[in-house]
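An overview of the molecular structure
This is what each chain is made of:
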Amino acid sequence: DENSTGFYPILYNSQFWITKTNLVPLNGSTTEITMEMMLEPAKMWKWQLMSQMEQSWKQQEDFMGEEDASGGDMFRTLLLDTNPILLVVTGIVTLLHTVFDVLAFKNDISFFKNKKSMEGISIRSMVLNACFQIVILAYLADNDTSMMVLASNGLGLVIEFWKISKAITVS
């Protein structure tokens, strides 16, 4: 009826939680499949979040190519299979670690920047510390560590070399 004030709800085919491992190839030899369909209401904010993330993943897949499309699957699997409390605690610990790293770098730089005399500071221990950091950075790079950890350790190594150059005066 044209004069009614009702409306039809949006029917949205969400593929947000579907990973590539859940897909079944269909070909001529497939005679029967089991399909599960769920019809449920979704809150507006949840629908917007899921549809925007799906669109973002689709754009990334188009940009990167199909072979690199597994990033979205890994993220979905992470969200599906991991305890939410563990995810929150991991995020908080990562944030705190990053803040403390930045503060340590800031204090290290400000201490050596304002230092006029290097009396009481062992250059041997600074060089040894730089060597240790090179070994640690090489180990982390070899084990495919995340870029965030590599960047933090790389910046620490650069600061170590800067401290050594500041401590050694060539005349």
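Residues numbered from 1 in each chain as written. Predicted model: local features only at pLDDT ≥ 70, side-chain atom pairs only at ≥ 80, totals over all residues. Heavy atoms only, no water.

A few points about the packing of helix H4 (residues 123-142) against helix H5 (residues 147-167)
Convention followed: Axis definition: a line fitted to C-alpha atoms, limited for helices to the stretch in contact. Angles are taken between N-to-C directions and run from 0 to 180 degrees. Secondary structure is summarised from DSSP: a helix means a run of H or I of at least four residues, a strand means a run of E of at least two, and numbering begins at the N terminus for each. The scheme is simple: roughly parallel for angles under 35 degrees, roughly antiparallel for over 145, roughly perpendicular for 65 to 115, oblique for anything else. Should the near helix be turned anticlockwise from the far one by less than a right angle, the crossing is termed left-handed; should it be turned clockwise, right-handed. Residues are treated as being in contact if the distance between any of their heavy atoms lies within 4.5 Å. The nonpolar class holds Ala, Val, Leu, Ile, Met, Phe, Trp, Tyr, Cys and Pro. Asp, Glu, Lys and Arg form the charged class, and all remaining residues, Gly among them, are polar.
Following both chains from N to C, one finds H4 and H5 inclined at 160°, their axes separated by 9 Å at the closest point. In terms of axis orientation, H4 runs roughly antiparallel to H5. For the element pair H4 and H5, the recorded crossing hand is left-handed. The segment H4 lies against H5, with Ile 123, Met 126, Val 127, Asn 129, Ala 130, Gln 133, Ile 134, Ile 136, Leu 137, Leu 140 and Ala 141 engaging Val 149, Leu 150, Asn 153, Gly 154, Gly 156, Leu 157, Glu 160, Phe 161, Lys 163, Ile 164 and Ala 167. Grouping the amino acids of the contact of H4 with H5 by side-chain chemistry returns 15 nonpolar, five polar and two charged.

Focus: the layout of surface pockets
Going by this rule: A 1.4 Å probe that fits into a set of points on a 1 Å grid over the protein atoms alone but cannot get out defines a cavity; an open set with protein on both sides within 12 Å along at least five of seven lines defines a pocket, and lining residues are those with an atom within 4 Å of a point. Grid points are joined across faces, edges and corners, and a volume is the space filled by probe spheres set on the points.
Looking at the largest pocket, its volume works out to about 1,500 Å³. Lining the largest pocket we find 29 residues, and of these Tyr 12, Asn 13, Ser 14, Met 37 and Met 38 sit closest to its centre. Residues belonging to the lining of the largest pocket are distributed by class as follows: 20 nonpolar, five polar and four charged.

A word on the nonpolar core
To keep it simple, the criterion reads: Definition used in this section: a nonpolar core is a set of buried Ala, Val, Leu, Ile, Met, Phe, Trp, Tyr and Cys residues joined via side-chain atoms within 4.5 Å. When accessible area is computed with a 1.4 Å probe and restricted to protein chains, residues below 20% of their type maximum are described as buried, those above 50% as exposed, and intermediate ones as partly exposed.
In this structure, Phe 112, Met 118, Met 126, Ala 130, Ile 164 and Ala 167 together form the largest nonpolar core, which totals six residues. For this core, the secondary-structure elements that each account for two or more residues are H4 and H5. Apart from the residues within four sequence positions on either side, Met 118 is in contact with Phe 112, Lys 166 and Ala 167.

Here's the deal with a nonpolar patch on the surface
Filter applied, for reference: Put simply, a patch holds well-exposed residues, over 30% relative accessible area, that have no salt bridge, with like charges counted together within 9 Å and Val, Leu, Ile, Met, Phe, Trp or Tyr side chains within 5 Å. Areas reported here follow the Shrake-Rupley algorithm with a probe of radius 1.4 Å; residue values treat only the protein chains shown as occluding. The salt bridge criterion pairs a side-chain nitrogen of Lys or Arg with a carboxyl oxygen of Asp or Glu, the two atoms within 4 Å.
A surface patch of nonpolar side chains, about 660 Å² in accessible area, is lined by Val 88, Ile 92, Leu 95, Leu 96, Val 99, Phe 100 and Leu 103. Along the polypeptide, Phe 100 turns up in helix H3 (residues 84-113). Residue classification places Phe 100 among the exposed residues on the basis of a relative accessible area of 54%.

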